[in-house]
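Letter by letter, the chains look like this.
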Amino acid sequence: MHGQGPVVIGYDCISPLGLELEQQWQRALEGESGIGVLTRFEGGPDFPVRIAGQLPDIDQLDYPFLAARQQAMWRSPVFKYALLVVERALARSGIRINNGIDKDLAPRVAVTFSSAVGGVDALLEADRQWQEKGKLPHPYANPNSCINMVSGKVAMYTGATGPVMSTISACATGLSSVLTGAMLLALGRADVAICGAVDCAVVAPITAGFYTMNGIFIAGKDEEDLRPQAASRPFSVHRRGFVLSEGAGAIILCSRDFARAHGLNWAIELAGWGMSSDAHHPVLPFAPTIEQCMHIALADAAVSREEIAAVNAHATATRAGDTTEYQALRAVFGDNLPPLCANKSIIGHAMGASSAIETILALRGMEEGLLPPTINYRPDLEMELDCVAEGKRPLAQEFVMKNAFGFGGCNACAIFRRCH
């Protein structure tokens, strides 16, 4: 399909690495971690999780959605962070939906921007207020907790009146949003798609829930003085679970015809993609159907496995997850496994937003011919791979594969191509 797929005309993200895109990219190249001591809430002396990847504050910025009245209604931070990255990504794209110049544009702009968790924190806060003080919920408590309200708010803010949907697929949500946007473009139902995801899941019950299911990082007995930055260890022999984090990323797609007609610049296209369902287990990934997903993406892009310069891996740093992804990659690439980037080593796991942020880092790497490193890596003799552990690496990348997997067996794989 390459040469015919939708093109990327803008993107932006916010992550534990920082507020501005360039700052995040430079820190990623230097292998700097955004993981730190958990301060988002007070868990008490017996709370089992002490570290997290937390977003910088943006309330000091000058945007209408950060006004006091808006934040009083939309109390969950997912809304302000979603609107920030969408605003900045659209600005980079050169598109203005409600500028009066192109009155026919708004109905041709789709929104697939979504979230895995949404604003559940607002509902949890309302429940605490009810239990502790007998206080009735805020009038916007329920709208805050509707996951589809994230895409709804993006549409309301931008003025996009094309198809709007929430592509909820757990930790694959961000990439699934991009692929769903591409579907709408291919079907001719839109000319532009606002894609991406946001998640701010560092709240007490969710954080503790990942602890009780043995998914989140748990320090070993010999790691009491461990630096938070050293905790996330994808593909490493001493990996001990993911580090929960927050983030948001927006990616603007459009058709080639639209880009040409409006004089928009692009460097990368979505050459092909695949999706699959494990139909296997609620939380454990399944190598055969992950392999299937990657094969579908390669076939859709009409490229050979030898043409893939690098893989941006899902790589959560869990024992089972990394092993399963490695097995599937080996089944697809054989002995010619490309270099793997595991961005969660520096940003942690931002749930559905992770694959949006990681896609943006992959796109930036394609544009600059660089691979950011995977930090905290110690070789696992059962996984023979190259995860760019030595530091940033110059590498020309025409084709890059991006993987994302989620609870419920949701698999997504994209092949991006650098056009010029």
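If you're wondering where the values come from, they're calculated on a predicted model, not measured in any experiment.

A. Structural view of the environment of V400. For V400, the location among the structural elements is in strand β12 (residues 399-406). V400 gets classed as buried once you look at its relative accessible area, which sits at 3%. Here the alpha-carbon distance between V400 and G119, two residues 281 residues apart in the chain, equals 32 Å. Once you skip the residues sitting within four places of it in the chain, V400 turns out to touch A310, A362, M366, A414, I415 and F416.

B. Inspection of the sheet that holds strand β8 (residues 308-312) at higher detail. The sheet built from nine strands is open, its strands ordered β4-β5-β6-β1-β7-β13-β12-β8-β9 with mixed pairing. Only two strands of the sheet have a single partner each, and these edge strands are β4 (109-111) and β9 (340-341). Alignment of strand β1 (residues 7-14) against strand β7 (residues 268-277), held across two bridges, turns out to be antiparallel. Bridge pairing in β7 places V8 opposite I268. On top of the sheet, helix α7 (residues 173-186) reaches β4, β5 (192-200), β6 (246-254), β7, β12 and β13 (410-418); it is set at about 110° to β7, its chief contact.

C. How the structure looks around the packing of helix α3 (residues 77-93) against helix α6 (residues 149-158). The N-to-C vectors of α3 and α6 enclose an angle of 45°; their axes lie 10 Å apart at closest approach. Comparing the axis directions of α3 and α6 gives the class oblique. Once α3 is placed against α6, the crossing between them reads as right-handed. In this structure, α3 contributes V78, F79, A82, L83, V86, E87 and L90 to the contact, and α6 contributes M149, V150, K153, V154, Y157 and T158. Of the residues contributing to the contact of α3 with α6, the split by class is 10 nonpolar, one polar and two charged.

What counts and how
- Residues numbered from 1 in each chain as written.
- Predicted model: local features only at pLDDT ≥ 70, side-chain atom pairs only at ≥ 80, totals over all residues.
- Heavy atoms only, no water.
- Helix = DSSP H or I, 4+ residues; strand = E, 2+ residues; numbered from the N terminus.
- Buried < 20%, exposed > 50% of the residue type's maximum accessible area, 1.4 Å probe, protein only.
- Contact = heavy atoms within 4.5 Å.
- Pairing = 2+ DSSP bridges.
- Axes fitted to C-alpha atoms, helices over the stretch in contact; angles between N-to-C directions.
- Parallel < 35°, antiparallel > 145°, perpendicular 65-115°, else oblique.
- Left-handed = near helix turned anticlockwise from the far one by under 90°.
- Nonpolar A, V, L, I, M, F, W, Y, C, P; charged D, E, K, R; others polar.

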